[in-house]
Amino acid sequence: MLKGFKDFILRGNVIDLAVAVVIGSAFTAIVNAVVSSVINPLVALFFKADAMGGFGPQVTNIYGDTVTFPLGDLISAIISFLAVALVVYFVFVLPMNTFKAHVEARKGTAAEQPEEEPAAATEAELLVEIRDLLAKNAARD
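Residues numbered from 1 in each chain as written. Predicted model: local features only at pLDDT ≥ 70, side-chain atom pairs only at ≥ 80, totals over all residues. Heavy atoms only, no water.

A. Molecular detail of the overall build of the protein chain. Helices and strands together make up the secondary structure of the protein chain, namely five helices and two strands. Its helices and strands in sequence order give the protein chain the pattern α-α-α-β-β-α-α, from N to C terminus. Put simply, the protein chain has 141 residues, and 4% of those count as buried. Taking all contacts inside the protein chain whose residues are at least 6 apart in sequence as the whole, residues at least 24 apart take part in 30%. (Helix = DSSP H or I, 4+ residues; strand = E, 2+ residues; numbered from the N terminus. Buried < 20%, exposed > 50% of the residue type's maximum accessible area, 1.4 Å probe, protein only. Contact = heavy atoms within 4.5 Å.)

B. Geometry of the pattern of salt bridges. Tallied over the entire structure, the rule returns two salt bridges. One salt bridge in this structure joins Lys107 and Glu104, with 4.0 Å as the shortest N-O distance. Of this pair, Lys107 and Glu104 both sit in helix α4 (residues 71–110), three residues apart, which is roughly one turn of the helix. Note on accessibility: Lys107 and Glu104 belong to one class, exposed. (Salt bridge = Lys/Arg side-chain N within 4 Å of Asp/Glu carboxyl O.)

C. Looking closely at the packing of aromatic side chains. For the structure shown, the criterion picks out one aromatic pair. Arranged with centres 5.0 Å apart and planes meeting at 80°, the rings of Tyr89 and Phe90 form a pair that is edge-to-face. (Phe/Tyr/Trp six-rings, centres within 6.5 Å; stacked < 30°, edge-to-face > 60°.)

D. Structural view of a nonpolar patch on the surface. The grouping of Val59, Val67, Phe69, Leu71, Leu74, Ile75, Ile78, Phe81 and Leu82 at the surface amounts to a nonpolar patch, some 790 Å² of accessible area in total. The element contributing the most residues to the nonpolar patch is α4, with six residues. With respect to the helices and strands, the residue Leu82 is situated in helix α4. In this structure Leu82 comes out as partly exposed when scored by relative accessible area, which is 45%. (Patch = residues over 30% accessible without salt bridge, like charges linked within 9 Å, V, L, I, M, F, W, Y side chains within 5 Å. Areas by Shrake-Rupley, 256 points an atom, 1.4 Å probe, with all protein chains shown as cover.)

E. Quick look at the environment of Leu71. Here Leu71 is to be found in helix α4. Here Leu71 falls in the partly exposed class, since its relative accessible area comes to 37%. In the structure, Leu71 is positioned 15 residues away from Gly56 in sequence and 4.9 Å away in space, judged by C-alpha atoms.

F. Molecular detail of the confidence of the model for the protein chain. Averaged over every residue, the pLDDT of the protein chain is 77; residues scoring 70 or more account for 81%. Here helix α3 (residues 49–52) stands out as the element of the protein chain with the lowest mean pLDDT, 54, in contrast to strand β1 (residues 58–60), whose mean of 86 is the highest. (pLDDT = per-residue confidence, 0-100.)

Here is the structure:
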């Protein structure tokens, strides 16, 4: 039982996942700081954050009370999600993809790629070659 657990833990993808979770949690602080210090003030130029929670259609229930569907919270959550997604993409993903493409381009020009070797023969092709060689040797005898 412990051997199976040890094999599971020492798999490469489990270790990679653990590292990704740790880096992701540290990365969250950076993204939240960018959103709170740059994106939220930009949104505050157009919307009052406190007024968003009570925004939404109002319907009278069967007891005569007014029920508000707080769509403002939903809209705020969507705006926050899009803001975080934009920050992650434009600040981190796009520059990293550009950097990787630049590194790959330099690799391609720095060293010539060796020619690909022909694909190995399949088992059927090898058996046909062996049969032909045996037939040729039998014909000589």
